[in-house]
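# Structure at a glance
What follows is each chain in one-letter form.
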Amino acid sequence: MTHPVDRRNVIKSMGALAASAALPFSLPAQAQKKPTGKPIVLGLTISQTAAAGVADHGDHLNGSILAMEEINANGGILGRPLELRPVDVDLLSPESCQAVVRKLVDMKVHAISSPFLFVPIPAMDASVGYKCPYLNGNTQRAATDLVAANPQKYGHIFQMDPSEVYYGYTFPKFLEDMQDKGGWKPINNKVHIVQEQIAYNQTISRACQEALKTSRFELAKVTDIQYPVQDWGAVIRDIKKTGAGAVMIDHWVAAEYAAFVKQFRANPLKGALVYLQYGPSQPEFLQLAGKNAEGFVWSTVLGVYADEKGRAFREKYKKRFPAKVMGLCYTGSGYDIVNFLAQAWTAVGDPDKFDAVNDYIRKTPFRGVCGWSYLNNARQEGVHYPVGTDDLEKGMAQLYFQVQNGEHKIIYPNKLIETPFKPASWM
């Protein structure tokens, strides 16, 4: 469950958004005049009260605010100011997911930006009669398969990042790379998957099991868990009994991951590489786990690069939103979506021309702080690197991080590496 501090941070962001028009700006020497006229309105589905996901949604809102402020400080879009309108959503409720999009449609927004919804299809259906651009980071193949099957109905919906199946497809490749580079010497070639029951995690598990069949690694066991996990003791005993060289904890709640690493470190499986699916990306993981997080590995298909562009964004974001731990996923996604839309609106010349704007987004690759979004495919989802393409400039890289000295450091893929993998203390 998301830690209460994250709810407060999101509420603070909402307040910051409301006050942002009054903030003083240092305009560049060549800046355009202050934007005037009717605002261009971007609606956002931002959860403040759900049982999970609040931290990621707060990150997405903050990244969007930063982009909006930069755009308005430099003359706006087509001379008009950009305005953000976030609306609260319970991302675990189909009814709420549908209602939030209906509300944004009623507001006549020019586009919708959504970090993710656990039940995205009802929200998609609520937008089909309006068809403004709907950009998201849902990371769900079931949703993008629906786009591919019904292009006339869902042609306005775009997933900026690759889908969750790549978490499963890429894991054996990652393990092989770590072994080949010599940083990890596996105790055996077995993989133990500990899987949660929501569809997202089940899809990842199935994809990983399929990918293992053509790799040098093999499946040792699949263990089921059910949210909320109150005690990891039985799971850790099962991990030790199975004795696999690599363990995938295919879960989704950062606070529960923090509890896991504390219990595992106290009673580890010696020599095992332990991978935690995505959840450690949320700032509360490091805040709650502290030094116990050292050595654990996680990944995201939607992460802020550590190249020149990514570092510049990280610096700007930390200056605008000071925090002990910066989220490295939806901060960048929120920022990228706003800038991609601004580019599209400017190119088309009229944000009310939804068909033309959607066509531009579909056909025009966008390079953001999270890499390239190539959306001109049947699913209208980002192309994955390295599985979907072997060209880093033709896709969005899945970033594998390891916690080192209290920070998340990119250890894979090799073209974006910050630091080599370091064996954890229990190895």
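What this report covers is the structure whose coordinates are included nearby. (Residues numbered from 1 in each chain as written. Predicted model: local features only at pLDDT ≥ 70, side-chain atom pairs only at ≥ 80, totals over all residues. Heavy atoms only, no water.)

### Quick look at the side chain of Thr170
Threshold: In DSSP terms, a helix is any run of H or I states spanning at least four residues, a strand is any run of E spanning at least two, and both are numbered starting from the N terminus. Categorising residues by exposure relies on relative accessible area from a 1.4 Å probe, with only protein chains included: less than 20% of the type maximum marks a residue as buried, more than 50% marks it as exposed, and the intermediate range marks it as partly exposed. Pairing of N or O atoms within 3.5 Å defines a polar contact, subject to two protein rules: one partner must be a possible hydrogen donor and the other a possible acceptor, and residues neighboring in sequence count only if both atoms are side-chain atoms.
Position of Thr170 relative to the elements: it lies in helix H7 (residues 165–180). Among the residues examined, Thr170 registers a relative accessible area of 0% and is labelled buried. A polar atom in the side chain of Thr170 sits 2.7 Å from the backbone oxygen of Tyr166. Polar side-chain contacts of Thr170 include one of 3.1 Å to the side chain of Gln398.

### What about unusual backbone geometry?
Note the cis peptide between Tyr227 and Pro228, where omega equals 0°. A cis amide bond links Tyr385 to the next residue, Pro386, at an omega of 15°. Relative to the helices and strands, Pro386 resides in the loop between strand E13 (384–385) and strand E14 (396–397). Unlike most non-glycine residues, Thr139 shows phi in positive territory, near 60°. The residue Gln380 is not glycine, and still its phi comes out positive at about 55°. When you line up the elements, Gln380 lands in the loop between strand E12 (371–373) and E13.

### Observations regarding the packing of aromatic side chains
As a reminder, the rule being used: The aromatic pairing rule takes the rings of Phe, Tyr and Trp, using the six-membered ring of Trp, and pairs them if the centres are within 6.5 Å, calling planes under 30 degrees apart stacked, those over 60 edge-to-face and the rest tilted.
Applying the stated criterion to the full structure yields 25 aromatic pairs. When the ring of Tyr166 is compared with that of Tyr169, the centres are 5.8 Å apart and the planes differ by 85°; the resulting orientation is edge-to-face. With Tyr166 and Tyr169 both in helix H7 and 3 residues apart, this pair spans about one turn of that helix. Their ring planes at 25° and their centres at 5.6 Å tell us that Phe260 and Phe264 sit as a pair that is stacked. Linking Phe260 with Phe264, this pair stays in helix H10 (residues 254–266), spanning 4 residues, or about one helical turn. Across the pair, Phe264 and Phe260 agree in class, each one buried.

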